[in-house]
Amino acid sequence: AKKMGRNTVCFFDPAIQEVALLRATLEAELRQALVRAEFSLYYQPQVNSSGAVIGVEALVRWQNPQRGTVSPAEFIPLAEDTGLILPLGRWVLEEACALLVGFAAAPATRELHVAVNVSALQFRQTNFVAELLAILENSGANPTRLKLELTESLLVEDIEVAIEKVIALKQHGVALSLDDFGTGYSSLMYLKRLPLDQLKIDQSFVQNLLHDSRDLAIVNTIITLGTTMGVGVIAEGVETAAQLDLLINIGCTLFQGYYFSRPLPDQQLHEYLQRHVLA
Ligand code: C2E
Ligand code: CA
Ligand code: CA
Ligand code: CA
């Protein structure tokens, strides 16, 4: 693209122009999606080795009248680039807290936690901790039942500031899970310095666990590491009974994946909990 003066950009490659146009259209629609209430949260159960549900992970969905359901893998990066992840992330936290308040109202679901994914841009806001605490306070949700899923990439930019935030969250009782563990800038320094409650083994390691001895070695090591350090370990992307059996055999105690349930909309989650909470 060549600049031709103020606000005028001339594209010479029609393919590039098309990509830019598609992106601009998607971006405009994404901006309207919040106002039009096109986002919804799905919840995927997390279970222990007896099959009892111990919590859920909130996963955002975008239902656009024209596009149908757009995958978060597609729109979360765009929402990050445009800053839209900030109001969207706030909405996700508010919804998650509302679910927690609902859980707290019934004895059978009182102990369940809700895990929420936090994006890098969101976490790097100076007022992230203050805003989160305000959301918790306004909702009346119990901070110890909220679990934030952080990725290693979100911690790298300014490690000292990141550690301060994580410690502040922990002091207010919020639980912390390190998501996609092993795929990022994995540094054992994070494990040493962060008051984490949980490591989440990335699904890419779980996928070929039965057929790839390297994946098995990595998963084994993460479980040993977590167990030795007193940090919980959860395996994500568990799809088969064989994967589950192997994971149980090597000491994993918490699981999430299609084998148990796909992410479910609110109503279906409640039906699922009716059947599985007291398993
Ligand atoms: P993630 O946090 O690693 O979430 C796990 C993804 O794996 C989810 O995809 C989930 O539906 C999928 N999954 C769960 N069990 C299985 C399984 O057994 N097999 C396979 N193949 N996949 C499984 P989803 O919902 O499409 O989300 C994709 C990513 O988008 C998430 O990855 C997360 O990084 C991001 N995301 C989703 N919701 C939010 C959100 O509210 N805020 C932010 N910042 N990111 C979000
Ligand atoms: Ca996650
Ligand atoms: Ca993951
Ligand atoms: Ca991921």
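What you see is a predicted model, and the numbers here were worked out from it, not measured in a lab.

Caption draft 1: Quick peek at the coordination of the calcium ion (ligand 4). Donor atoms from the polypeptide that bind the calcium ion (ligand 4) are Asp180 (OD) and Asp180 (OD), placed at 2.8 to 3.1 Å. The calcium ion (ligand 3) is placed at 3.5 Å from the calcium ion (ligand 4), the two being bridged by Asp180. Position of Asp180 relative to the elements: it lies in strand β8 (residues 175-181).

Caption draft 2: Up close: the site of ligand 1. Close to ligand 1 lie 21 residues, the nearest being Gln44, Arg61, Gln203, Glu239 and Tyr258. Contact between ligand 1 and Val60: a nitrogen atom at 3.1 Å from a main-chain N or O atom of the residue. Here ligand 1 has 800 Å² of accessible area as a free molecule, and 82% of this is covered by the chains. Of all the elements, strand β4 (residues 53-64) adds the most residues to the shell around ligand 1, at four residues. Class assignment of the residues belonging to the shell around ligand 1 gives a composition of nine nonpolar, six polar and six charged.

Caption draft 3: Here's a closer look at the coordination of the calcium ion (ligand 3). Taken together, Asp179 (OD), Asp180 (OD), Glu236 (OE) and Glu236 (OE) make up the full set of protein donors to the calcium ion (ligand 3), lying 2.1 to 3.0 Å away. The distance between the calcium ion (ligand 3) and the calcium ion (ligand 2) comes to 4.5 Å, and Asp179 binds to both of them. Taken together, the positions of Asp179 in strand β8 and Glu236 in the loop between β10 (232-235) and α11 (241-249) put the pair 57 residues apart, joining distant regions of the chain. The buried category is assigned to Asp179, whose relative accessible area is 7%.

Caption draft 4: Here's a closer look at helix α12 (residues 266-276). Turning to α12, its buried residues are Leu269, Tyr272 and Leu273. Each buried residue of α12 lies within a common arc of 100 degrees when the element is viewed along its axis, so the set occupies one face. Exposed side of α12, more than 90 degrees from the buried face: Gln267, Gln274 and Arg275 are the residues found there. Contacts made by the buried residues of α12 are with β3 (39-48), β4, α3 (85-104) and β12 (264-265).

Caption draft 5: Representation of the side chain of Lys165. By the secondary structure assignment, Lys165 is in helix α7 (residues 159-171). Buried charge Lys165 goes without a salt bridge, the closest partner of opposite sign being Glu164 at 8.4 Å. Discounting residues that sit within four places of it in the chain, Lys165 has contacts with Phe123, Arg124, Gln125, Thr126 and Val129.

Caption draft 6: Looking closely at the nonpolar core. Ranked by size, the top nonpolar core spans 79 residues in total, and within it Phe123 and Leu148 carry the most contacts. Considering every element that reaches this core, the biggest residue donor is α3, with nine residues. Sequence-distant contacts of Phe123, that is, excluding residues within four places in its chain, are made with Val118, Phe128, Leu150, Leu154, Leu155, Ala162, Lys165, Val166 and Leu169.

Rules and cut-offs
Residues numbered from 1 in each chain as written. Chains lettered and ligands numbered in written order. Predicted model: local features only at pLDDT ≥ 70, side-chain atom pairs only at ≥ 80, totals over all residues. Heavy atoms only, no water. Donors = N, O, S within 2.8 Å, 3.2 Å for Na, K, Ca; no water. Helix = DSSP H or I, 4+ residues; strand = E, 2+ residues; numbered from the N terminus. Near = heavy atom within 4 Å. Polar contact = N/O pair within 3.5 Å; in protein donor to acceptor, adjacent residues only side chain to side chain. Areas by Shrake-Rupley, 256 points an atom, 1.4 Å probe, with all protein chains shown as cover. Nonpolar A, V, L, I, M, F, W, Y, C, P; charged D, E, K, R; others polar. Buried < 20%, exposed > 50% of the residue type's maximum accessible area, 1.4 Å probe, protein only. Arc of directions from axis to C-beta. Contact = heavy atoms within 4.5 Å. Lys, Arg positive; Asp, Glu negative; His and termini not counted. Salt bridge = Lys/Arg side-chain N within 4 Å of Asp/Glu carboxyl O. Core = buried A, V, L, I, M, F, W, Y, C linked by side-chain atoms within 4.5 Å.

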